[in-house]
Amino acid sequence: MNYTFFLLLLTLVHSTSSSLAPTDRTALKSIRDSLTDMPGSAFFSTWDFTTPDPCSTFSGLTCTSLGRVSVLSLGPNLSGSLSPSISNLTHLTQLVLYPGLVTGPLPPRFDTLPLLRLISLTRNRLTGPIPNSFSSLSYLHTLDLSYNQLSGSLPPFLTTLPRLKVIVLASNRFSDNVKPVSSPLFHLDLKMNQISGQLPPSFPITLRYLSLSGNSISGTITPLQPLTDLTFIDLSMNQFTGAIPQSLFGSTTSSIFLQRNNFTSINATSSLLPQGSVVDLSHNSISGELPPSLAGAESLFLNNNRFTGDIPEEYITSLINGTIKTLFLQHNYLTRFPWNSGFELPDSVSLCLSYNCMDTDPVVGLSTCPIEVAPLLSRPAIQCSRFYNHSSTG
C-alpha cells in the first residue's frame, strides 16, 4: 500500500514538474498567433493549447524539468512574423526557424534570454538590423541568420561575444566594413552582402573557415597571414589587391578561392597542399612565373592572369600521375609547355592552355577548355611581343 502511494506521488510530481509554465504558455500562444502553416505544412497541427502537457506533445518544443521552454524549433514552411513574445521564454538555449516565408524584423529583446547558445533563423525573409540586445548573449555559441533580407551595419559587439564560435550571415544586405574580431571564432561566413572597406587588423588564430565572397572589400589581405590553420577560405569577387601570402597555402587548407579580385603577386614557394585541394586564383592580375609548389592541388585554376615563362615540370608530372585532375592556364602569357609526345594524358584530366604565347597541341591544350573559352590556340604574336617588351623595359 505504501509502495503504491509512493508511485502515485512520483507520477504527480513528474506531471507537475513537466507541465508548461504559465508565462511560457502565454508566450507560445502569441508565437502561434503570429505564424501560419504554408500550404502542405502541418507543423502547428500538434499545437493544441487544451492539452495538459504541451512539453510532450508540441512539435519543436523541449522543456526543462521545471516546465520552462529550453528549445524552440519552428517550421519548416511557415509564414507570418516572429512574435516579440519570444523574449519571454527566458530559459531558451536554442532558437531555430527553418526555411519558409517568415517576414519582418527580429524580436527586439534578446537581453532577456541569457542562456541562448544557438540562434538559427535561416532562409526566410527577415528584414531590418540585428538588435543591440544581442550584445548581452554572453553564452551564444552559434549565430546563423543566413539567406534573409537583413540590413544595416555589422554590429561591432557581434564579433566580441566571449563564447561565439560560429557566425553565418551569408546572403543578406549587411553593409559597412568587417569589424575587429575578438570572439574565439572558428567559422565566419559573410558572403554575398554589401560589405565594403578593408579587413580589420587581425582575426582570431582559431579561425578554420572564412568566407567573404561577393562583397566589395578592398585593400590587402595581410591580416590573414597568421591564420595558418585555415581549412577553407573564399575571398572571391571582391576588390582585394597586393600579394597573396604564403601562409594561405598551408598543409590544412583544402579550399582556396581568391578568384575575381585584383591580386598582383603570389608567395607560394613551399606550399604543402593537402590531397584533393582546390585552388582558384583565376581572373586576377597576378604576374611572374607559375609557382611549382601549387602542382600538389587536385584542381588548379590560374587562368586569366599575367603569368609568364615556362610551365614548370612539376605540373607535367602531376598531370601524368593524376594528382592534378583540373588545370586551367588559359589567358596568360606562358611561353612553353614541356610536353613530350610520348606522354599520355589520363582521361580524368581537364587541361586548358589556350590563348598563351606558345604553340599548343590542340588535342592536349584545348579539348577540355570551358565552353566560354574562345577556340584560339595562341595569343596574337603582337600581343606577346608588346607584353614582354613592356615587362623588360618596365
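Residues numbered from 1 in each chain as written. Predicted model: local features only at pLDDT ≥ 70, side-chain atom pairs only at ≥ 80, totals over all residues. Heavy atoms only, no water.

### Some thoughts on the pairing of strand S17 (residues 239–244)
- In the sheet, strand S15 (residues 218–219) pairs with S17 via two bridges, with the strands oriented parallel. Across the sheet, the residue bridging to Gly 219 is Phe 240, located in S17.
- In this structure, S17 lies alongside strand S19 (residues 262–266), joined through four bridges in parallel fashion. Opposite Ala 243, over in S19, you have Ser 265 as the bridge partner. (Pairing = 2+ DSSP bridges. Helix = DSSP H or I, 4+ residues; strand = E, 2+ residues; numbered from the N terminus.)

### Regarding the UniProt feature "domain: Leucine-rich repeat-containing N-terminal plant-type" (unreviewed entry) in the protein chain
- The feature "domain: Leucine-rich repeat-containing N-terminal plant-type" (unreviewed entry), as annotated in UniProt, sits at residues 22–64 in this numbering.
- Split by type, residues 22–64 is 37% helix and 14% strand. Its first and last C-alpha atoms lie 14 Å apart. (UniProt positions renumbered as here; feature names shortened; annotations may be inferred.)

### A word on unusual backbone geometry
- A cis amide bond, omega 15°, links Gly 75 with the succeeding residue Pro 76.
- Note that Pro 76 resides in the loop between strand S3 (69–74) and strand S4 (78–81).
- One non-glycine residue, Met 237, lies in the positive phi region at around 55°.
- Within the element layout of this structure, Met 237 appears in the loop between strand S16 (232–234) and S17.
- For Met 237, a relative accessible area of 46% translates into the label partly exposed.
- In the Ramachandran plot, His 283 falls in the positive-phi region, its phi being about 55° despite a non-glycine side chain.
- Residue placement: His 283 occurs in the loop between strand S20 (278–280) and strand S21 (287–289). (Buried < 20%, exposed > 50% of the residue type's maximum accessible area, 1.4 Å probe, protein only.)

### Quick word on the state of the cysteines
- Following the criterion strictly, the structure yields three disulfides and no others.
- The partner cysteine of Cys 55 in its disulfide is Cys 63, sulfur to sulfur 2.1 Å. Measuring handedness by torsion sign, the sulfur bridge of Cys 55 and Cys 63 sits at about -85° and is left-handed.
- For Cys 55, a relative accessible area of 14% gives the class buried.
- Between the sulfur atoms of Cys 352 and its disulfide mate Cys 369 the distance is 1.9 Å. Linking Cys 352 and Cys 369, the disulfide has an S-S dihedral of approximately 95° and is accordingly described as right-handed. You can see Cys 352 sitting in strand S26 (residues 350–352) and its partner Cys 369 sitting in the loop between helix H5 (362–365) and helix H6 (381–393), a full 17 residues away along the chain. Across the pair, exposure class does not vary: Cys 352 and Cys 369 are buried alike. (Disulfide = S-S within 2.5 Å.)

### Things to note about the pattern of salt bridges
- Taken as a whole, this structure holds six salt bridges when the rule is applied.
- Notably, a salt bridge pairs Arg 109 with Asp 111, separated by 2.8 Å at the nearest N-O pair.
- Across the salt bridge formed by Asp 229 and Arg 208, the nearest N and O atoms sit 3.9 Å from each other. Taken together, the residues span a long stretch of sequence, with Asp 229 in the loop between S15 and S16 and Arg 208 in the loop between strand S13 (187–189) and strand S14 (209–211) at a distance of 21 residues. (Salt bridge = Lys/Arg side-chain N within 4 Å of Asp/Glu carboxyl O.)

### Overview of the sheet that holds S21
- With respect to topology, three strands assemble into an open sheet ordered S21-S23-S25, the strand pairing being parallel. The outermost strands of the open sheet, each flanked by one partner alone, are S21 and strand S25 (333–336). Neighbouring strand axes in the sheet, compared pairwise and without regard to direction, differ in orientation by 15° on average.
- The pairing of S21 with strand S23 (residues 306–310) spans three bridges and is classified as parallel. By the bridge assignment for S23, Gly 288 is matched with Phe 307. (Axes fitted to C-alpha atoms, helices over the stretch in contact; angles between N-to-C directions.)

### Description of helix H4 (residues 313–321)
- Every buried residue belonging to H4 is among Tyr 315, Ile 316, Ser 318 and Leu 319, and all of these are buried. Down the axis of H4, the smallest arc covering the buried residues is 165°, so these residues share one side.
- In this fold, the buried residues of H4 make contact with strand S22 (299–301), strand S24 (326–328) and S26.
- After H4 finishes, the residue Gly 322 shows a positive phi value of roughly 85°. (Arc of directions from axis to C-beta. Contact = heavy atoms within 4.5 Å.)

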